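Descriptive structure summary
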Amino acid sequence: MVSRVLLRKLRRDLWSRKGSLLTLVVIMAIGIGYYVGSAAVYRDLDGSRHRYYTEYQLADFTVDLKRAPEWAVDTASGLPNVRTVRGRVNMPVLIDLIGVSAPVSGTAISMPVTRTPVLNNILMRSGTWFSGNDNREVILNDAFARENRILPGHRIKVLLLDKQHELLVVGTAMSPEFVYLIPPGGALAPDPARFGVLYLPERFLQESCNLKGAYNQLIGKAHDNSRTALDNTLSLIARKLDAYGVANTTPVHEQMSVRFLADELTGLKVGAVIAPLIFLGVAALVLNILMGRMVTQQRPIIGTLRALGYSRGAITRHFLGFGIVVGISGAVTGILLGWWLQSLMCWMYKMFFALPSIDPHFYPDIFLKAIAISVGFSILGTIRGVRFAARLEPAEAMRPPPPEKGAKILLERIGFLWGKLTFRWKMVLRAIFRNPFRSTVCVLASLIATAIIFMAFSMVDSLNYLINYEFENISRQDFAIALRDPKGRRVTDEVKNIPQISEVEPQLIIACDLRNGPYRKRIGVTGIERGNRLYTPLDDEGRPISLPEHGLVLTKKLAEILNITPGQIVTLRPLVGRRQEVRAAVVGTVETFLGVSAYADISYLSRLIGEEWSANVVLSNKYKGVSTEKVMNALTKRPKVVGIGDRVRSLSQLKKTFGEFMGASIGTMVLFAGLIAFGSVLNAALVSLSEREREVGSLRVLGYTPGQVFGIFSGEAFLLNGIGIVLGVFGGIGLAYALSAAYSTELYRFPTIILPGSIILSVVIMMIFIGIAQLIVYRMIRRLNWLDVLKVKE
Amino acid sequence: MNGTEIRETILSVESVSKIYKMGEVEVPALRDATIDILDGEFLMVVGPSGSGKSTLLNMIGGMDRPTSGTVRFLDQDITKATDHQLTLYRRSKIGFVFQFFNLIPTLTALDNVQVALEITSGTMEPMEALRLVDLEDRAGHFPSQLSGGEQQRAALARALAGNPRLLLCDEPTGALDLENSRQVLGMLVRLKRELGKTVVLITHNNAISALGDRIAMMRDGTIHSIQLNKEPKPVEEIEW
């Protein structure tokens, strides 16, 4: 039974504390909003991904070969655990677009000439499938077509194995294979305008690529597509098809696009737990303080109600109602915030991920869970006060609360120190130590808020450092020209002879299997010419390393994967050329944050593939003032060029993509964390003020100005928050390290960057939030009717 | 009350002691108190502060449990009652009036009466209770808008709402001036006379005790003496 009159009392009690409660509800709403937003977006994204992968039959594995006859498909299909296999041609191309001064890179993939459901099928977005009459038709990757304003009916020029073809665009499409499409060669962000996927009729592509009756890629589905099963199946396939020059095998979970999307979903899942836990936890602690004070204030009322015959249960329900109302308000506001966050995140993901639909859907069960979580936490926050209220014996409740513990605090026992303190600081310290719970919550809230704010800034610093390190310190070239096959020394001269080019540097990148006992990894080993200036791997201290004549230098992550240290021997097997296994010494390690790789002297690496000297990448710099387009044009006209990486463009693309995203998320994090500080500081101060109203009154009677009284009160807040902020900076540094550790994957690693500027900025922001809260307290002290306070009995 | 008339004992306190434990120290608040409360009487409990009056009242009202002894309401031993039975006892048999009124500040006078009514099976309308204390025209006012006397009358209305047999008043005039005190006391006398309520009033003010049918004097936690007051004074003649 709930008493109507008591409900009215509850409503008025709530209203009279609206300021405190509003800040609490906001903190709870942020927690719930995070939960609802992340959980809902997770489902939107996961559902969309699942439907897409299933409907368009994303392959479980990919095998790259040099040249496999069409019947190799049957060989592979017959192997254990293999369900179906499809052969296709996958070839790098250059695309000459009208209106774009330099050709852009792309990948051509063969598709059946008549539309049939195949593995890695494509979803048509506009136009039609190939007509079947004319081979020179192409279906373009939808994002690429949109970015370059290409419509069905347009014609594009495509360079396939040095031969130009004019192709009619018949349609645009998207594929589950390229949800997150990043250009090859170390880019991090998608660049839909400058990297395209072209789907071409199978026969035409085979003929144009000298692969008549053959494929260079097999994709397939497995019965058991668990990680180990796929790895076993792939090594079996690699063995059986070895004669066709297996260059690479990729299980689905290592496929770039699949991994990026999966990583993002994992991040969402973790975020849906951690952020709400922090916000709701702080809210529950603050509510605890508020509730404790309210119960103390209402002791006589509790006593009266009990005297009137209200049961403990009725008292429990009444005070629990306080928490439930706060919880439900937090949940409702949080759900609205969450819905907004969900829409915002869906919109953001649309920029990153090419999924057929990422639309925000309503998930009533998530809403219900959100309400349960919110009410649960707020009950947790009220339970201490409620239990205290319910346990009060009526006679005891009628008596005034026992006087505050007057005992000396620990500090007072240190006589010489205590004696030196001013009266003001003595008051401050006593207040802090006599309310250990409240003081702890205050410190904790500042700590958490500072740590989050610093971590947010440190993420930006880390990303900036990473970008700078990879794109300025290690790579310094303007262009990276990729060649179809390794070439002799003449190729560098050829590039050098282009009038706009000032500097060249050859590289040889060879896919190799590295093995150390049971640890193995397939990577691209980069051969570097001595005296390298355009690409300089750096050691721990940031100094360029000098490559040994023999042996390998590994990136740290690779050394970790292979469980190897410098001085040990690794087994290396190039996947091209003679493909003979050799033993190579690990000479050193270098630090990189993107991918994993190994470096060797270019001549050493050339010899491993049976050549005297060869290169398949030429790094080059242009003369200052020469336009990029001009050089690109000159370069792409060369035969054997399959792609040109433009470092400056990659860099700006990266900054653009992550800049917007980071800016928005850092801003939100700082604001939300600030609200934690603001809310808890304000509430703790208000409770403290309400407890000490008589003290304020007495001081005012003695002639203290509101400012002087505020000075005493703010001393408590500033000391506690000061401690919280200092600890929070350490906490933030800890978080930054934890985050780096958590995000250390083969794809990317984030360096832990602790900049004094970011520490100062975090502290300043915290001081602003705390300052605003203190300003409100000051206003309340000024407005306090202290004469009345003194008249009322305690 | 007529001295010769034999009245039923409505509540009996038998050898009740109460010892409070304050940390290591034991403080005896009530020692071996024995008294019968008779139906329809106006019992005054008088004593200086700290003499155990309030403790006795709490034992009678089921607000606290004695350390030893028995409190019996009619046939019910309330010292053995469960928590729930005590709650029901307070709800249906007892009306409390406190020195500082203890009205809920966020509720109007009418609502404050309603608070008591909602949990009793009584059929009294809240307005009727306010009428009994001449406060119907202030029904919509919040405690802070009422004078001390009015607040105490509202509290009295609240105590009466459940139609209790026993009204327990703890220094009801302690926070009031003479005029308001007279008003409240007059009302208590009237309620006793007209509605047949049994009233127990504790006070440190000897002057007030002249209103009672019997006067129990307390000192140092014991009931020192119980006197019969054959001629209770009318309220108007009370002075202090």
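What counts as what
- Residues numbered from 1 in each chain as written.
- Chains lettered and ligands numbered in written order.
- Predicted model: local features only at pLDDT ≥ 70, side-chain atom pairs only at ≥ 80, totals over all residues.
- Heavy atoms only, no water.
- Helix = DSSP H or I, 4+ residues; strand = E, 2+ residues; numbered from the N terminus.
- Buried < 20%, exposed > 50% of the residue type's maximum accessible area, 1.4 Å probe, protein only.
- Contact = heavy atoms within 4.5 Å.
- Areas by Shrake-Rupley, 256 points an atom, 1.4 Å probe, with all protein chains shown as cover.
- Lys, Arg positive; Asp, Glu negative; His and termini not counted.
- Charge placed at Lys NZ, Arg CZ, Asp CG, Glu CD.
- Pairing = 2+ DSSP bridges.
- Axes fitted to C-alpha atoms, helices over the stretch in contact; angles between N-to-C directions.
- Buried area = accessible area lost by both parts, 1.4 Å probe.
- Salt bridge = Lys/Arg side-chain N within 4 Å of Asp/Glu carboxyl O.
- Polar contact = N/O pair within 3.5 Å; in protein donor to acceptor, adjacent residues only side chain to side chain.
- Core = buried A, V, L, I, M, F, W, Y, C linked by side-chain atoms within 4.5 Å.
- Parallel < 35°, antiparallel > 145°, perpendicular 65-115°, else oblique.
- Left-handed = near helix turned anticlockwise from the far one by under 90°.
- Nonpolar A, V, L, I, M, F, W, Y, C, P; charged D, E, K, R; others polar.
- pLDDT = per-residue confidence, 0-100.
- Phe/Tyr/Trp six-rings, centres within 6.5 Å; stacked < 30°, edge-to-face > 60°.
- Lys NZ or Arg CZ within 6 Å of the ring centre and 35° of its normal.
- Patch = residues over 30% accessible without salt bridge, like charges linked within 9 Å, V, L, I, M, F, W, Y side chains within 5 Å.

Within chain A, the secondary structure is distributed over 23 helices and 20 strands. Buried residues in chain A amount to 55% of all 794 residues. The long-range share in chain A, meaning contacts at least 24 apart out of those at least 6 apart in sequence, stands at 80%. Counting only carbon and sulfur atoms, one obtains 59% of the accessible surface of chain A, whose full area is about 34600 Å². Considering chain A, the positive charge centre built from 91 side chains and the negative charge centre built from 62 side chains are found 10 Å apart.

With that settled, consider the overall build of chain B. Counting its secondary structure elements, chain B contains seven helices and 10 strands. Judged by the C-alpha coordinates and their principal axes, chain B covers about 45 × 40 × 40 Å. Counting the 240 residues in chain B, one finds 57% classified as buried. Total accessible area computed for chain B in this model is approximately 10300 Å², and 48% of it derives from carbon and sulfur atoms. When the 25 positive and 32 negative side-chain charges of chain B are each reduced to one mean point, those points stand 3 Å apart.

On to the sheet that holds strand β5 (residues 76-77) of chain B. All names here are of chain B. Read from one edge of the open sheet, four strands run β2-β1-β4-β5, paired in antiparallel fashion. Single-partner strands in this sheet number two, and they are β2 (25-38) and β5. Pairing of strand β1 (residues 9-22) with β2, which is carried by 10 bridges, proceeds in the antiparallel orientation. Bridge pairing links K21 to E26 in β2. Those strands touched by helix α1 (residues 53-60) are β1, β2 and β4 (68-73), and its axis lies near 120° from that of β1.

Facing the 25 residues of chain A at the interface are 25 residues of chain B. In total, about 2300 Å² of surface goes out of reach between chain A and chain B, with carbon and sulfur atoms giving 60% of it. The tally of links between chain A and chain B comes to four salt bridges. Here R312 of chain A makes a salt bridge to D83 of chain B, at a shortest N to O gap of 2.5 Å. Counting every contact that joins chain A to chain B gives 10 residue pairs in polar contact (both at pLDDT 80 or more). Elements represented by at least two residues in the side of chain A that touches chain B include exactly α1 (4-16), α8 (299-307) and α11 (394-398) of chain A.

Among the nonpolar cores identified, the biggest contains 133 residues, and Y310 and F319 of chain A together with L156 and L188 of chain B are the most heavily contacted of them. When residues of this core are assigned to their parent elements, the largest contribution, 14 residues, is made by helix α19 (residues 647-691) of chain A. Apart from residues no more than four positions distant in its own chain, Y310 of chain A is found in contact with S3, L6, L305 and I315 of chain A together with T87, R90, V115, E118 and I119 of chain B. Counting 99 residues, the second-largest nonpolar core is a separate cluster that includes I156, L211, F353 and L651 of chain A.

Strands in a sheet are paired, the pairing made by backbone hydrogen bonds, and the direction either parallel or antiparallel. All names here are of chain B. What the six strands build is an open sheet, ordered β6-β7-β8-β3-β9-β10; its pairing is mixed. Two strands close off the open sheet at either side, each with one partner strand: β6 (94-97) and β10 (222-228). Sheet twist, expressed as the average angle between the axes of neighbouring strands with direction ignored, equals 20°. Bridge count for strand β7 (residues 166-170) against strand β8 (residues 198-203) is five bridges, and the pairing is parallel. Counterpart to C169 in the pairing with β8 is L201. Sheet strands touched by helix α5 (residues 148-161): β6 and β7. Its angle to β6, the strand with the most contacts, is close to 170°. Across the sheet, helix α6 (residues 178-195) is in contact with β3 (42-46), β7 and β8; its angle to β8 comes to roughly 155°.

Residue and element names in this part refer to chain B. Axis separation between helix α3 (residues 109-117) and α5 bottoms out at 8 Å; the angle between their running directions is 25°. The angle between α3 and α5 falls in the class roughly parallel. For α3 against α5, the interelement crossing comes out right-handed. Each of A109, N112, V113, A116 and L117 in α3 lies in contact with α5, whose residues at this interface are A154, A157, R158 and A161. Its residues assigned to classes, the contact of α3 with α5 comprises seven nonpolar, one polar and one charged.

Before going further, it helps to spend a moment on α1 of chain B. Counting buried positions along α1 of chain B yields seven of eight residues, so the element is predominantly enclosed. For α1 of chain B, the set of buried residues is K53, T55, L56, L57, N58, M59 and I60 of chain B.

What follows concerns the pattern of salt bridges. Residues and elements named next belong to chain A. Under the definition given, this model contains 43 salt bridges over all chains. A salt bridge links K350 to D359, with the shortest nitrogen-to-oxygen separation between them at 3.4 Å. Taking the shortest distance from any N to any O, the salt bridge between D540 and K556 comes out at 2.8 Å. Of this pair, D540 sits in the loop between β14 (519-528) and β15 (552-555) while K556 is found in helix α16 (residues 556-562), placing the two residues 16 residues apart along the sequence. Residues participating in the shared-partner salt-bridge network are D242, D513, R522 and R573.

With respect to the helices and strands, N621 of chain A occurs in strand β19 (residues 615-622). Spatially, the C-alpha atom of N621 of chain A lies 30 Å from that of L575 of chain A, the residues being 46 residues apart in sequence.

Before going further, it helps to spend a moment on the pairing of strand β13 (residues 501-516) of chain A. All names here are of chain A. Strand direction decides the pairing type here: β13 and β19, joined by six bridges, are antiparallel. By the bridge assignment for β19, E505 is matched with L619. In terms of strand pairing, β13 meets β14 through 10 bridges, oriented antiparallel. Residue pairing for β14: I510 is matched across the bridge by V525. Hairpin connection between β13 and β14: a loop of two residues separates the two successive antiparallel strands, and G517 in this loop has a positive phi of roughly 60°. As paired elements, β13 and strand β16 (residues 569-574) share four bridges and run antiparallel to each other. Directly across from C512, in β16, lies its bridge partner P574.

Moving on to the pairing of β8 of chain B. In regular strands, side chains alternate between the two faces of the sheet. Residue and element names in this part refer to chain B. Burial analysis of β8 places six of its six residues in the buried class, which makes it a mostly covered element. Residues T198, V200 and I202 of β8 are buried on one face, and the alternating residues V199, L201 and T203, pointing to the opposite face, are buried as well. Looking at chain direction, β3 and β8 are connected through five bridges and run parallel. Its bridge partner being in β8, V46 is matched across the sheet by T203.

What follows is about the confidence of the model for chain B. Taken over all residues, the pLDDT of chain B has a mean of 90, while the share at 70 or more is 97%. ipTM for the predicted complex: 0.83, alongside a pTM of 0.83.

The geometry of an aromatic ring pair is captured by two quantities: the separation of the ring centres and the angle between the planes. Residue and element names in this part refer to chain A. Scanning the entire structure with this criterion turns up 19 aromatic pairs over all chains. On the numbers, 5.5 Å between centres and 55° between planes, the contact of Y180 with F353 is tilted. In this pair, Y180 is assigned in the loop between β8 (163-174) and β9 (195-201) and F353 in the loop between α9 (312-352) and α10 (364-391), connecting sequence segments 173 residues apart. With relative accessibility at 5%, the residue F353 sits in the buried group. Feature note: the residues Y180, F260, Y349, F352 and F353 constitute an aromatic cluster, connected by ring pairs. Over the ring of F437 we find R384, and its NZ or CZ is 4.4 Å from the ring centre. The ring of F713 carries the charged tip of R692 above its face, separated from the ring centre by 4.5 Å.

Our focus in this paragraph is a nonpolar patch on the surface. Residues and elements named next belong to chain A. Taken together, the side chains of I324, I328, V332, L336, L368 and I371 make up a nonpolar region of the molecular surface, amounting to roughly 510 Å² of accessible area. For the nonpolar patch, the elements supplying multiple residues, two or more each, are α9 and α10. For the nonpolar patch, the element with the highest residue contribution is α9, accounting for four residues. Here L368 shows up in helix α10.

For the rest of this paragraph, the subject is unusual backbone geometry. Although it is not a glycine, N210 of chain A sits at a positive phi angle of roughly 55°. Relative to the assigned elements, N210 of chain A resides in the loop between α5 (202-208) and β10 (214-222).

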